[in-house]
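# Coordinate analysis (summary)
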Amino acid sequence: MEKDNISPHVRASDVEYDKEADLEVREVFKKDHDGGVQFRTVSWQRAAIVFLKIQFAMSILAVPGALATLGAVGGAISIVGWGALNTSLADMMGLLWGRIGRALVGAQILVAQVLITAAGIVSISTAFNALSEHGACTAAFSAVAAVLITGCSSIRTFSRLGWLTWAGFITFFIAVFIFVVAVTQQDRPAAAPPTGDFDLGWTSIAYPTFIAGITASANIFISCSGSSMYLPVISEMRRPKNYRKAALVAGILVVSLYLTFSLVTYRWCGVWLSTPAFGSAGTLFKKISYGIALPGLVIGVGIYQHVAAKLVFVWTLRDSKHLQSNSVVHWSTWLGLNLLLGALGFIVAEAVPILNYLLGLAGSLCFAPFSLIFPALLWMYDFRSARSGPAGSKALYGFHVFIVLLGLFMVIGGT
């Protein structure tokens, strides 16, 4: 008598789920793309340096002036508080608002990058003016700055841009360190009256007007709100799951650097601060600091423009053979986007050539939603059951509602 050939029933729970393989399929850039551009080459250490350079940039030139408005205690609380809240989003917002929301948030990212590029052009043209003692008109220096930034942003991958990022961070750090040491060795701030008694104006707690206070707070806020720019870097990491490690390392270092440098500068300059801050060190050290900081300024702003160009580049060529190939379409799209964004940044810089206003506008109008409103809304979407959960869950949900309201306050008040 023949035995029945009965196969065991395979249940869905018996099938092993390969989470990493599933996540890999969803990645924009593929690791095994033959004969094309390999984007996925960034280690978590290099990602941390890119994050650090994104955050530790020209904002440090405006933060000491913000402390002069808010006072030492208020400014320090703002730096630590905003740094802690700024964790980190255009494609993600499609979950909440669909295709229209994705497009609107994407447009907001582009506006933010154009404002940052414009602020960078203002800083770099100021540096050229300081080094040359106004050897040419500001518009000419702004054009040179736009060309340098666009050349930097046109490097296609973060892996290759990463080596420049190391150089940019080191030179900028050295320049800021020299400036801070210089202001502590002066008899009086460069902007103070050259002779006679004067009031330094240092205070632990200040009482600014609403407009002055919100502008100063927005300048501090943007100093550590670049975390929304981390997302394109994640897409080029070898192991995206190491993102949190890189972000935490960068976040701790950024808050420490801003807090230390800004408080020391404010202690020795008081209200006699220039914006950008390098002007507070006197003519000689202003030139030295700007000369050393120039590579860092160009590379830092170039990263922001690179992120904006990469965003539109992926939107345009996603799921096409040109995304990771060296085709004419690939190169013309990539270079054309960088040239367009550089030109827009130059136009805005010429229209609003004031650094702290450009940074404040970018911080309140664009980065407040990216760093506060959108992440909180996404958390509320993922954990919407917390509204009817136990008291602890309700409190956490209420905290995220507060963050949304705080972000809206920054958008409306700062704009």
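Because the structure is a prediction, the values reported are computed rather than measured. (Residues numbered from 1 in each chain as written. Predicted model: local features only at pLDDT ≥ 70, side-chain atom pairs only at ≥ 80, totals over all residues. Heavy atoms only, no water.)

### Some remarks on the overall build of the protein chain
Secondary structure assignment for the protein chain yields 14 helices and zero strands. Starting at the N terminus, the α and β elements of the protein chain follow one another as α-α-α-α-α-α-α-α-α-α-α-α-α-α. The proportion of buried residues among the 415 residues of the protein chain is 50%. Carbon and sulfur atoms provide 66% of the accessible area of the protein chain, an area that totals close to 19500 Å². (Helix = DSSP H or I, 4+ residues; strand = E, 2+ residues; numbered from the N terminus. Buried < 20%, exposed > 50% of the residue type's maximum accessible area, 1.4 Å probe, protein only. Areas by Shrake-Rupley, 256 points an atom, 1.4 Å probe, with all protein chains shown as cover.)

### So, a nonpolar patch on the surface
There is a patch of nonpolar side chains on the surface, built from Val73, Ile77, Ile205 and Tyr207 and spanning about 470 Å² of accessible area. Within the secondary structure, Tyr207 is located in the loop between helix 7 (158–184) and helix 8 (210–223). (Patch = residues over 30% accessible without salt bridge, like charges linked within 9 Å, V, L, I, M, F, W, Y side chains within 5 Å. Salt bridge = Lys/Arg side-chain N within 4 Å of Asp/Glu carboxyl O.)

### Here we look at the environment of Leu284
With respect to the secondary-structure elements, Leu284 resides in helix 11 (residues 283–317). As for Leu284 and Leu131, which are separated by 153 residues in sequence, their C-alpha atoms are 9.5 Å apart.

### As for the nonpolar core
Most often, soluble globular proteins have nonpolar side chains that are buried together. One finds Phe56 and Phe367 to be the most contacted residues of the largest nonpolar core, which totals 100 residues. Here the element with the most residues in this core is helix 5 (residues 94–132); it accounts for twelve residues. When neighbours within four sequence positions are excluded, Phe56 is seen to be in contact with Phe169, Phe172, Phe173, Val176, Val254, Leu257, Tyr258 and Phe261. Listed in part, the eleven residues of the second largest apolar core include Leu317, Leu323, Trp334 and Leu337. (Core = buried A, V, L, I, M, F, W, Y, C linked by side-chain atoms within 4.5 Å. Contact = heavy atoms within 4.5 Å.)

### Points about the packing of aromatic side chains
Going through the model one piece at a time under the given rule, you end up with ten aromatic pairs. Centre to centre, the rings of Phe173 and Phe261 are 5.8 Å apart; their planes meet at 50°, and the pair counts as tilted. Of the two residues, Phe173 is situated in helix 7 and Phe261 in helix 10 (residues 243–269); the sequence distance between them amounts to 88 residues. By relative accessible area, Phe261 is classed as buried at 9%. One aromatic cluster in this structure is built from Phe169, Phe173, Phe177 and Phe261. (Phe/Tyr/Trp six-rings, centres within 6.5 Å; stacked < 30°, edge-to-face > 60°.)

### Examining helix 6 (residues 138–153)
Over its 16 residues, helix 6 runs 22 Å from end to end, which matches the ideal 22 Å to within 8%, given 1.5 Å per residue. Inspection of helix 6 places Phe141, Ser142, Ala145, Ala146, Ile149, Thr150, Cys152 and Ser153 among the buried residues, and these make up the whole buried set. (Expected span 1.5 Å × (residues − 1).)

### Observations regarding the packing of helix 6 against helix 12 (residues 328–351)
Orientation of helix 6 relative to helix 12, taken along the N-to-C sense of each, is 150°, at an axis distance of 9 Å. Here helix 6 lies roughly antiparallel to helix 12, going by the angle between them. Here helix 6 runs over helix 12; the crossing is right-handed. Between helix 6 and helix 12, the residues in contact are Ala139, Ser142, Ala143, Ala146, Thr150 and Ser153 and Trp334, Asn338, Leu339, Gly342, Phe346 and Glu350, respectively. The class makeup of the residues in the contact of helix 6 with helix 12 is six nonpolar, five polar and one charged. (Axes fitted to C-alpha atoms, helices over the stretch in contact; angles between N-to-C directions. Parallel < 35°, antiparallel > 145°, perpendicular 65-115°, else oblique. Left-handed = near helix turned anticlockwise from the far one by under 90°. Nonpolar A, V, L, I, M, F, W, Y, C, P; charged D, E, K, R; others polar.)

### Describing helix 11
Along its 35 residues, helix 11 runs 49 Å from first to last C-alpha, staying within 8% of the 51 Å computed at 1.5 Å per residue. The largest bend in helix 11 comes to about 45°, at Ala293, with the proline Pro295 one to four residues further on. Trailing helix 11 by a residue or two, Asp319 shows a phi angle of about 65°, which is positive. (Bend = angle between axes of the 7 residues up to and from the residue.)

### With respect to the packing of helix 3 (residues 63–70) against helix 10
Direction vectors running N to C along helix 3 and helix 10 enclose 60°, while the axes themselves pass 9 Å from each other. By the angle class used here, helix 3 and helix 10 are oblique. The two elements helix 3 and helix 10 cross, and the hand of that crossing is right-handed. Of helix 10, the residues touching helix 3 (which contributes Val63, Pro64, Leu67 and Ala68) are Tyr258, Ser262, Leu263, Thr265 and Tyr266. Looking at side-chain class alone, the contact of helix 3 with helix 10 contains seven nonpolar, two polar and no charged residues.

### Digging into the confidence of the model for the protein chain
When pLDDT is averaged along the protein chain, the result is 78, and 82% of the positions lie at 70 or above. Taken element by element, the predicted model of the protein chain shows its lowest mean pLDDT in helix 1 (residues 19–26) (53) and its highest in helix 6 (91). Predicted confidence for residues 9–15 stays below pLDDT 50, and this span has two contacts to residues more than four positions away or in other chains. (pLDDT = per-residue confidence, 0-100.)

### A word on the environment of Ser385
Structurally, Ser385 is set in the loop between helix 13 (355–382) and helix 14 (391–414). Using a relative accessible area of 56% as the deciding quantity, one classes Ser385 as exposed. Put simply, Ser385 and Tyr397 are twelve residues apart on the chain and 9.3 Å apart in space, counted from C-alpha to C-alpha.

### Some words on the environment of Leu365
Along the polypeptide, Leu365 turns up in helix 13. For the pair Leu365 and Val111, spaced 254 residues apart in sequence, the C-alpha to C-alpha distance is 9.2 Å.

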